[in-house]
Amino acid sequence: MKEQLTAALAAEEAAIYAYGLIGVHLTKEREVKGARDSEQVHRQRRDYLVDRIAELKASAAPAPAGYALPFEVTDRASALKLAVHIEDGVAQAWRAVLPVTEQSQRNAALSAMTDSAVRATAWRKYSGTAPLTMAFPGRPG
C-alpha cells in the first residue's frame, strides 16, 4: 500500500506545481478560478496522503523543487493541455490505490480518482478537445 500511496502523493505534488504554471497562462475568469480551486483540492489531497503515509509509519521522498514538464507551456492552449495531462495522471495514480484499500480509504481513493477525471473533462471542454471523457478514467493509455 505504501508504494501506491507514495505514487499518489507524487502525482498530487506534481499537480500542485503544474497549476502554478497553468494559472499564469489562463485568461478567462472561470478557468483561472478552476485552476485555483483545482490546486487547492490537490493540496488537501496531498495533506491527506501525508497523514496516511505517516499512519503507516512510512515516509515519502520529499517533493522536488521543480518538475520536468511533458511539453512546453507557453499559452492558454498548452496550459489547458497540461491541466488535462495532470488530471489524467492523478486519476491513474489514485486508481492504483483502489485495490490496496478497503472501506473508507477506498472511498477516499475513488473520490480522488473521480474528482480528477471530472476536472480533466472540464479542462477538455474549455480547450475544445474531443472526446470530453475517457471510457475508463484512470486507466493508462
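Treat the numbers as computed from the prediction; the structure is a model and nothing was measured.

Asks: Explain the pattern of salt bridges to me, using residue names and the numbers behind them.
Replies: Under the definition given, this model contains eight salt bridges. Here glutamate 39 makes a salt bridge to arginine 43, at a shortest N to O gap of 2.7 Å. Of this pair, glutamate 39 and arginine 43 both sit in helix 2 (residues 29-55), separated by four residues, roughly a single helical turn. Note that aspartate 88 is salt-bridged to arginine 124, the shortest N-O span being 2.6 Å. One end of the pair, aspartate 88, is in helix 3 (residues 76-97); the other, arginine 124, is in helix 4 (residues 103-127), and 36 residues separate them in sequence.

Asks: Describe unusual backbone geometry, listing the residues and the values that go with them.
Replies: In the segment running from alanine 130 into proline 131, the intervening peptide bond is cis, with an omega of -5°. Following the sequence through the fold, proline 131 ends up in the segment after helix 4. Here lysine 57, not a glycine, exhibits a phi torsion of approximately 60°, which is positive. Here lysine 57 lies in the loop between helix 2 and helix 3. On the basis of relative accessible area, lysine 57 is assigned to the exposed category, the value being 77%. The residue glutamine 103 is not glycine, and still its phi comes out positive at about 45°. Its location among the elements puts glutamine 103 in helix 4.

Asks: Now, about the packing of aromatic side chains: what can you tell me, with residues and values included?
Replies: In the structure shown here, the tally under the stated rule is four aromatic pairs. With 5.1 Å between their ring centres and 50° between their planes, tyrosine 17 and tyrosine 67 make a pair best called tilted. In this pair, tyrosine 17 is assigned in helix 1 (residues 2-24) and tyrosine 67 in the loop between helix 2 and helix 3, connecting sequence segments 50 residues apart. Residue tyrosine 17 is classed as partly exposed on the basis of its relative accessible area, which comes to 34%. Residue tyrosine 67 is classed as partly exposed on the basis of its relative accessible area, which comes to 24%. A ring pair is formed by tyrosine 19 and tryptophan 123, whose centres lie 6.2 Å apart and whose planes are at 40°; its orientation type is tilted. Separated by 104 residues along the polypeptide, tyrosine 19 in helix 1 and tryptophan 123 in helix 4 bring together distant segments of the chain. Exposure remark for tyrosine 19: the relative accessible area of 2% places this residue in the buried category. Under the relative-accessibility criterion, tryptophan 123 is labelled buried at 2%. One aromatic cluster is present, formed by Tyr19, Trp123 and Tyr126 through successive ring pairs. Over the aromatic face of phenylalanine 71 sits the side chain of lysine 81, whose NZ or CZ is 4.6 Å from the ring centroid.

Reading guide: rules and limits
Residues numbered from 1 in each chain as written. Predicted model: local features only at pLDDT ≥ 70, side-chain atom pairs only at ≥ 80, totals over all residues. Heavy atoms only, no water. Salt bridge = Lys/Arg side-chain N within 4 Å of Asp/Glu carboxyl O. Helix = DSSP H or I, 4+ residues; strand = E, 2+ residues; numbered from the N terminus. Buried < 20%, exposed > 50% of the residue type's maximum accessible area, 1.4 Å probe, protein only. Phe/Tyr/Trp six-rings, centres within 6.5 Å; stacked < 30°, edge-to-face > 60°. Lys NZ or Arg CZ within 6 Å of the ring centre and 35° of its normal.

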